[in-house]
Amino acid sequence: MEMLLFRVWALLALIPFPGVTEEIFEVSVWPDQALVKLGQSLMVNCSTTCPDPGPSGIETFLKKTQVDKGPQWKEFLLEDVTENSVLQCFFSCAGIQKDTSLGITVYQPPEQVILELQPSWVAMGEALTVKCHVPRVVPLENLSLTLLQGNQELHRKNFMSLAVASQRAEVTINVKAQREDDRCNFSCRAELDLSSHGGGLFHSSSAIKVLRIFEFSQSPQIWVSPLLEIGMAETVSCELSRVFPAREVMFHMFLGDQELSPFVSWKGDTAWANATVRAMETGDQELSCLVSLGPMEQKTREPVHVYSFPPPILEMEELYPLAGRDINVTCSGHVLTSPSPTLRLKGAPDAPAPGETAWLLLTTREEDNGRNFSCEASLEVQGQRLIKTTAMQLHVLYKPRLEESDCPGNQTWVKGTEQMLTCKPKGNPTPTLVCTWNGVIFNLDVPQKATQNHTGTYCCTATNQLGSVSKDIAVLVQGLDEGISSTIFIIIIVALGVGVGTIALYLNYKPCKIERRKLPYRQKEKNNEEESQFAVQRGEKCNAHNC
């Protein structure tokens, strides 16, 4: 279609008009304005109005090929157009030569836009460099580059007034990093406006770059006990304060070469990690914590000492001895404890020397049932005194007993009230109790409403694996009025007795006191002599009778 337009235009230009002579002719070129993409080809038509033209052609340093011609026109193909140039089209008519020129403009649209953030992680308050450049774009004077933060325009650069030969298609600015800029999107937009050359608008954008802002001004701190027991789980912590963003801090924790599995938490501008450590070797080791955020990382170390101190061994010759049996109780240190600990057995008369076993010979009694024994070991590690204790309970076995305090032989019930037979046996193992009344087993778990029929003798038998014991319990059921009357009568008798005794004591004490106050001094001496003689006589009689 383009070739067809070229030829129509050439034919119209060659139609002779009245009054046109060989001296008056025109030379023209099509297109009248050429815009060619870098490396592409261009078709050029050169024509004249001369009816009988002479020598003709085009002058250019570009590679050209004549592809067609007519009486008054020629058509050329220009290949691999890589730079701007001016083409001359000439014709001669009757010995007169005329020419015309065609300006060729080469363009390369911004196909690749490159944005760089230097660095991509920036410490808060530090400067950030934002750079955008476009490789192989022409004409540079028609290019504009725009830096964007989100949708906000940060900077725009045009290249129209700059010396093209000395410029690159790039723009650079510096930005101070603020906390609120973290995770902001940066981009660059390139626009090549060729409307002044008869072309259109070409535009392209860079890939979005995300800016990261951080604060990492403190060193991490380790929280760990200086002493770790081998095989025992201990919680260790590593904390970093004044850090942003705290939620993205990464922790790596090690005990020697053993990597731990920390659980990371954060709040505000503080991040921390907790891990469970279980040391498997004794001796001096090192707990380390490596903290990283973006391009930053710091490592903190803390020395620890791993020791072995198993609980002491408490042994009883018998855990369930019979009452009256002699048993040995020993307290010794574990073989894996180094150095040997100091031992103490609760109840033992003397404390043994360091490293020696503590022991106790015990004759078991019923009162020892449920008695607790403890074996305490103490060990000094790195200047600290450590204590561990093993406890054990003694169970003494003995036959059942029905004691009067827990199982009274005479019990009084009040008629019409809820009553239960009171009887609690002693023994180990715990005895079972069965009570019969008139040959029938009596329910000991459910309260009974007392009647006169409950009066009588109950036979209770306590039994365990070691034997049994029986006891008769006499139950008397009284009426409510009888019980009250008896109680009132007893109270009256007791009150009268107390009153009579008080009066008698008073009467006996008062005359004596008065009479003693009236005795003269000599009478007192006489009485003392008589009392001495009586004591001597009584002593002689006692000796005579071998008292």
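The structure reproduced in this document is the subject of the present report. (Residues numbered from 1 in each chain as written. Predicted model: local features only at pLDDT ≥ 70, side-chain atom pairs only at ≥ 80, totals over all residues. Heavy atoms only, no water.)

## Re the nonpolar core
Heads up, the rule is: Buried Ala, Val, Leu, Ile, Met, Phe, Trp, Tyr and Cys residues that are joined via side-chain atoms within 4.5 Å together make up what is termed a nonpolar core. Relative accessibility thresholds used throughout: buried, under 20% of the residue-type maximum; exposed, over 50%; partly exposed, between the two (1.4 Å probe, protein chains only). Only DSSP runs of H or I covering at least 4 residues are called helices, and only runs of E covering at least 2 are called strands; the numbering of each starts at the N terminus. Note on contacts: a residue pair is in contact if any heavy atoms of the two residues lie within 4.5 Å.
Of all hydrophobic cores here, the largest spans 28 residues; its most connected members are Leu128, Val130, Leu143, Leu145, Leu147 and Phe186. Elements supplying a minimum of two residues to this core: strand E9 (114-118), strand E11 (127-133), strand E12 (143-149), strand E14 (170-176) and strand E15 (185-193). With four residues, the top contributor of residues to this core is E15. The residues touching Leu128, leaving out its near neighbours within four places in the chain, are Leu117, Gln118, Pro119, Val122, Ile173, Asn174, Val175, Phe186 and Leu211. One finds Leu240, Phe251, Leu260 and Ala279 within the second-largest nonpolar core, a separate group that totals 26 residues.

## Some remarks on the state of the cysteines
Counted only if it meets this: Any pair of cysteine sulfurs within 2.5 Å is marked as a disulfide.
If you walk through the whole model with that rule in mind, you get seven disulfides. The side chain of Cys331 participates in a disulfide bridge whose partner is Cys375; the two sulfur atoms lie 1.8 Å from each other. Of note, the bridge from Cys331 to Cys375 carries an S-S torsion of about 70° and is right-handed in sense. Highlighted residues: Cys331 in strand E30 (residues 326-332) and Cys375 in strand E33 (residues 372-381), separated in sequence by 44 residues. Assessed through its relative accessible area of 0%, Cys375 is described here as buried.

## Observations regarding the pattern of salt bridges
Where charged atoms from two side chains of opposite charge come close, those side chains can pair. Operational definition: Think of a salt bridge as a Lys or Arg side-chain nitrogen and an Asp or Glu carboxyl oxygen that are within 4 Å of each other.
Considering all chains together, one arrives at 22 salt bridges under this definition. A salt bridge links Arg156 to Glu153, with the nearest nitrogen and oxygen atoms 3.8 Å apart. In this structure Glu153 comes out as partly exposed when scored by relative accessible area, which is 43%. The network of salt bridges with common partners includes Glu366, Arg401, Glu403, Asp406 and Lys426.

## Some thoughts on the environment of Phe25
Among the secondary structure elements, Phe25 is positioned in the loop between helix H1 (2-14) and strand E1 (27-30). Remark: the alpha-carbon pair of Phe25 and Cys93, spanning 68 residues in sequence, is separated by 7.7 Å. Setting aside anything within four residues of it in sequence, one finds Phe25 in contact with Thr48, Thr49, Cys50, Phe91, Cys93, Ile96 and Lys98.

## Notes on the packing of aromatic side chains
Formally: Ring geometry is summarised as follows: Phe, Tyr and Trp rings, the Trp one being its six-membered ring, pair when their centres sit within 6.5 Å, and such pairs are stacked at plane angles under 30 degrees, edge-to-face over 60 and tilted between the two. Lysine and arginine charges are scored as sitting over a ring when NZ or CZ, respectively, is within 6 Å of the ring centre and within 35 degrees of the ring normal.
The full count for this structure, using the stated rule, is six aromatic pairs. Residues Phe442 and Tyr458 carry aromatic rings whose centres are separated by 5.3 Å and whose planes lie at 70° to one another, so their mutual orientation is edge-to-face. With Phe442 in strand E40 (residues 440-442) and Tyr458 in strand E42 (residues 456-464), this residue pair connects regions lying 16 residues apart in the sequence. By relative accessible area, which is 8% here, Phe442 ends up buried. A relative accessible area of 0% places Tyr458 in the buried class. By way of ring pairs, the aromatic residues Trp413, Trp437, Phe442 and Tyr458 are connected into one cluster. Stacked on the ring of Phe25, the Lys or Arg Lys98 has its end atom at 4.9 Å from the ring centre. Against the face of Phe244 rests Arg179, its NZ or CZ located 4.2 Å from the ring centre.

## Quick notes on the sheet that holds strand E4 (residues 56-59)
Two modes of strand pairing occur in sheets, parallel and antiparallel, and in both the strands are linked by backbone hydrogen bonds. For the record, the criterion: Strand pairing follows a simple DSSP-based rule, namely that at least 2 bridges must link the two strands. Under this scheme, a helix contributes an axis fitted over its contacting stretch, all axes are lines through C-alpha atoms, and angles between N-to-C directions fall in the 0 to 180 degree range.
Strand order across the open sheet formed by four strands is E2-E8-E7-E4, with mixed pairing between neighbours. Among the strands making up the open sheet, the edge pair consists of strand E2 (34-37) and E4. Sheet twist, expressed as the average angle between the axes of neighbouring strands with direction ignored, equals 25°. Here E4 pairs with strand E7 (residues 85-93) via four bridges, running antiparallel. Bridging from a neighbouring strand, Ile58 pairs with Cys89 of E7.

## Section: the sheet that holds strand E19 (residues 221-223)
Strands sit in the order E19-E21-E26-E25 across an open sheet of four strands; the sheet is antiparallel. In this open sheet, the two strands that pair with only one neighbour each are E19 and strand E25 (263-267). Neighbour to neighbour, the strand axes of the sheet diverge by 20° on average, direction disregarded. Pairing geometry for strand E21 (residues 233-240) and strand E26 (residues 270-278), over eight bridges, is antiparallel. Bridge pairing links Glu239 to Trp272 in E26.

## Considerations on the pairing of E14
Two faces belong to every sheet, and in a regular strand the side chains alternate between them. Here E14 shows a clear split, with Val171, Ile173 and Val175 buried on one side and none of Glu170, Thr172, Asn174 and Lys176 buried on the other. Inspection of the sheet shows E11 paired to E14 by seven bridges, in the antiparallel sense. By the bridge assignment for E14, Cys132 is matched with Val171.

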